[in-house]
Every structure is written in structure tokens, then in C-alpha cells.
Amino acid sequence: MTVSVALAGCTGSIGRQTVEVVTADPDRFRIDAVSVGSSVADAVQVVATTGARVLAVADEAARSTARDMLNDAGMGHVEVVDDLAPVCSEVDVVVNAVVGFAGLDITVATLAAGRRLALANKESLIAAGPVVQPLRSTPGAELIPVDSEHSALHQCLRSGTPDAGEVERLILTASGGPFRGRTLDELAQVRREDALAHPTWAMGPKITVDSSTLMNKGLEVIEAHELFAVPYDRIDVVVHPQSVVHSMVEFTDASTIAQLSMPDMRLPIAYALAWPQRGGTPFGRIDWATVGSLTFEGPDRATFRCLDLAIAAGRMGGDAPAVLSAANEVAVEAFLDGRLGWAAISDVVSRVLDAHDVAVPGTVGDVIDADRRGRIAAAAVVAQMAA
Ligand code: NAD
Ligand code: MG
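Residues numbered from 1 in each chain as written. Chains lettered and ligands numbered in written order. Predicted model: local features only at pLDDT ≥ 70, side-chain atom pairs only at ≥ 80, totals over all residues. Heavy atoms only, no water.

> Break down the overall build of the protein chain for me, citing the residues and quoting the values.
Within the protein chain one finds 15 helices and eleven strands. Taken over the C-alpha trace, the protein chain has a radius of gyration of 20 Å; the compact-globule value for 387 residues is 21 Å, and the two agree within 12%. Projected onto its principal axes, the C-alpha coordinates of the protein chain cover approximately 55 × 55 × 45 Å. If you take every contact in the protein chain between residues at least 6 apart in sequence, the share linking residues at least 24 apart comes to 71%. Of the roughly 15,700 Å² of accessible surface on the protein chain, a fraction of 51% belongs to carbon and sulfur atoms. Seen as two clouds, the 30 positive and the 49 negative side-chain charges of the protein chain have centres 1 Å apart. (Helix = DSSP H or I, 4+ residues; strand = E, 2+ residues; numbered from the N terminus. Rg over C-alpha atoms; globule rule 2.2 N^0.38 Å. Contact = heavy atoms within 4.5 Å. Areas by Shrake-Rupley, 256 points an atom, 1.4 Å probe, with all protein chains shown as cover. Lys, Arg positive; Asp, Glu negative; His and termini not counted. Charge placed at Lys NZ, Arg CZ, Asp CG, Glu CD.)

> How would you explain the packing of helix 13 (residues 320–336) against helix 14 (residues 344–354) if you had to name every residue and give the values?
Where helix 13 contacts helix 14, the two axes come as close as 9 Å, and the packing angle between them is 150°. Our classification of the angle between helix 13 and helix 14 gives roughly antiparallel. Helix 14 is crossed by helix 13, and the crossing has right-handed handedness. Contacts between helix 13 and helix 14 involve A320, V323, L324, A327, N328, A331 and F335 from the first element and I345, V348, V349, V352 and L353 from the second. A per-class count over the contact of helix 13 with helix 14 returns eleven nonpolar, one polar and no charged. (Axes fitted to C-alpha atoms, helices over the stretch in contact; angles between N-to-C directions. Parallel < 35°, antiparallel > 145°, perpendicular 65-115°, else oblique. Left-handed = near helix turned anticlockwise from the far one by under 90°. Nonpolar A, V, L, I, M, F, W, Y, C, P; charged D, E, K, R; others polar.)

> Before we move on, can you summarise the coordination of the magnesium ion (ligand 2) with the specific residues and values?
Geometry reference: four tetrahedral donors at a metal, ideal angle 109.5 degrees. Six octahedral donors, ideal angles 90 or 180 degrees. D147 (OD), E149 (OE) and E220 (OE) make up the full set of protein donors to the magnesium ion (ligand 2), lying at 2.1 to 2.3 Å. Read from N- to C-terminus, the donor residues coordinating the magnesium ion (ligand 2) fall into the pattern D-x1-E-x70-E. Linking E149 in helix 7 (residues 148–157) with E220 in helix 10 (residues 215–228), this pair joins segments that are 71 residues apart in sequence. As far as burial versus exposure is concerned, E149 and E220 are alike and both buried. (Donors = N, O, S within 2.8 Å, 3.2 Å for Na, K, Ca; no water. Buried < 20%, exposed > 50% of the residue type's maximum accessible area, 1.4 Å probe, protein only.)

> Let's hear about the pairing of strand 10 (residues 245–251): which residues, and what values?
Burial within strand 10 is extensive, with seven of its seven residues counted as buried. Pairing between strand 8 (residues 167–174) and strand 10: five bridges, direction antiparallel. By the bridge assignment for strand 10, I171 is matched with M248. Here strand 10 pairs with strand 11 (residues 256–260) via five bridges, running antiparallel. The residue bridging V245 from the neighbouring strand is L260, located in strand 11. If you look at the hairpin formed by strand 10 and strand 11, you'll find four residues sitting between the two strands, and A254 has a positive phi there, around 70°. (Pairing = 2+ DSSP bridges.)

> Lay out the site of ligand 1 with the relevant residues and their values.
Around ligand 1 lies a shell of 23 residues, among which T11, I14, G37, E123 and G204 are the nearest. Separating an oxygen atom of ligand 1 from a backbone N or O atom of V98 is a distance of 3.5 Å. E123 places a side-chain nitrogen or oxygen 2.7 Å from an oxygen atom of ligand 1. Taking 830 Å² as the accessible area of ligand 1 by itself, protein coverage stands at 85%. Of all the elements in the fold, those that place two or more residues in the shell around ligand 1 are helix 1 (13–24), strand 2 (29–36) and helix 5 (122–127). For the shell around ligand 1, a count of residues per class yields twelve nonpolar, eight polar and three charged. (Near = heavy atom within 4 Å. Polar contact = N/O pair within 3.5 Å; in protein donor to acceptor, adjacent residues only side chain to side chain.)

All we've got here are geometric facts, nothing functional implied.
This is the structure we're talking about:
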């Protein structure tokens, strides 16, 4: 029996790699439904490749374009809808590859429907932890991370729920991004294209900028805390520029288990689809004769302030991670648009977080509200800085 998949965010970096994993193993996996923000030409291509029967388009204007394109391409039978969430209950696995807070409804709908969530969209779990956690106990619901570090931790533990008594600490590896080893002075004039030139991973623009500021690693510390219920003082970050060791778990006897593979997101995607079995298609093996040295060093927390800002928000708990993540999205967008300097991203996030009084969100509405307040506060700081 094939595993049926719904793919939210089908045209992005993770979305396209998910299509590759599924089409490489058609006896095992098939894609029934996909969604896209607004890039409908690419999405129609994905529908043609995968044979999906539903296409959800978030952008209203793009939706009618999608209908026309499908008709023209002889795929008029494909249902075009505004939202993938109602379809989540009709498949075995939902891959959430949407970028940013927009991924929240898919995370919530999948777990509430008692389905497996293969989660790349870390922002939804980070922003809505208090609301998402209870949904994980819905019968049938399962959360398998796609983020490479968390997939590594899941593989080291071979379980989503580690025996807290045996786990001493989680060690997340970070590539260090394109600016590793630079000083703040050297980073004052960073341009958009410098931040988008990641040394080991080809990813969407938002996460690539987050990797350059180490905000991505900070968000991943929160993500690890939410996924594996390990306290913040037992989650470490180590910089490993080769991105071959994807993360490690240290146990109480000081034994450390690490997961190694070439940097290729198709492995964690296949792992999340095939769990509890393993994917059958190797996407690049380690050649031990040529891999060379694997190095490790501490992160430069003074230059890359976003790492500790995120961890501080995680420790504050409640809606602080939602506000942090929203402020970061606004600051990154402003940086990508040329309205904010790279070094000011951490200033925006820090000022928004400093002014925030933590409340505990009880509903999805509370999380949406916290996200909105974070965005408004961050936009005000960005505007002030530009003035
Ligand atoms: P991307 O920018 O390449 O793609 C984003 C996708 O989301 C696109 O298909 C876009 O159409 C879709 N989208 C945007 N708004 C939407 C909406 N409202 N409704 C439906 N779809 C919408 O991003 P990416 O790099 O693939 O990252 C996706 C997620 O995976 C992010 O949360 C990122 O942090 C995470 N992630 C990515 C990588 C990677 O290697 N790219 C690695 C780890 C984690
Ligand atoms: Mg990652």
C-alpha cells in the first residue's frame, strides 16, 4: 500500500525535494494534494509531475490563474481550493514545507486530524508550542521533524519521546553560515547577496538569512525543546562548518550518539515519510576516503546575537517565542527588501522582545494575536531605524 501525502508549500526548496523523494519511490509514496502561496506556474508543474488531485492556492488572484493554467494543460479535473487544511484528514502524512508563520494552520489541522505531520515549518511549532503540544496526543497524531538537526536527534533517540532519565543533553550542530569568523565591524556593510550565499545548504531566502544571523539555530533550540521536552540548560549548540554531523545526543554515561550524512534534505524528508522504516533511496553517501576533517567550535554569541535572543524567548515561554519569530520575519523581510541593515536584524528582535510582557496563549487565536503584535512592534522599530 502506498503512503498518501499532502504537501504544503510544494514549490519551495523543501517542497521540490519532497517531490523528488516521492517520485523516486512510486511504489511506496504518492502525492494526493499540494499547496502553494502564489507561484502557480511552478505549482501546476508539480501537479503534472505528481498527479495530485487537489491544488490549494493561498493567494486569491493567483487561484483563478491556476484554474486557467490547469484547464489549458488538460488537467481541468484537478480541484483548486483556497486551503489545504481540510484535506489533511484524507491522507497518511502531511509535509508542512510552508515558510514562516503561514504554516500554522497546516500544523494544527494535521495533528487535530490525527495524522502524521512531517514538519519542516519550524516557525509554527516555535510560535504555537503551548497550543500545538496538546494536539500531539490526538489519537493517530505523530510529529516527525524534517529539520535536519531534529531528524538527527530523532534518529539518535529512535523515538519522538526520549526517556528523560537517560538523556543528558542534546547537541545541535550549526554550519555557522556565510559569516562565520567575521567581526561585527566586518559585517556592518553586508549585502543581501552575501547573506544569501550559504556555504553548505541551498534553501529558501528566509531560512538562509536566519542561518547567517544564527537566528535559525536559536529557533532550532526552541524547536528541540518543544519536540523532545529537554530543558533549555541541557541543549547545546556547536558550530560544525562541514554539515556532516547533523546533531548528537549525549546520554547519562557520557556516551554520545551522532547522525552523519552528506548535507541533503532529501534524507530527513524520506525519513519522516518512511518512519518507522527507512527510506530506500540513498541521496549521496559519505566517501570516508575524501570527507577530510570534521571540525567543531563554539558559536560566537557576541557577534551573532540572535542565537541567545531566541533562547531567551524560549526560556521566557508563553507567547514570547511567537513574538520573537514574528519580529524576526518582519526584520528579515525588511533586510531582503533593502530597508534594514543585516546587523540591525538582531536590534529589531531585541527591542521587540524587551518591550514584551509574556502571556500564555491558550488558543490558536491567542497565538495569531501574539504574532500580530510582534509584527506591529517590529514594523514600528524598522520604520524608526530607517528614519
Ligand atoms: P521556500 O521559501 O523555498 O518555500 C516556501 C514555500 O511556501 C513555497 O512553496 C511557497 O509557495 C509556500 N507558501 C508561502 N506562503 C504560503 C501560504 N500562505 N500557503 C501555502 N503555501 C505558502 O522555503 P524553504 O526553504 O523550502 O523552507 C520551508 C520551511 O522549511 C521553512 O519553515 C524552513 O525554516 C524549513 N526548513 C527548510 C530547510 C531547507 O533546506 N530549505 C531546512 C530545514 C528547515
Ligand atoms: Mg536545520
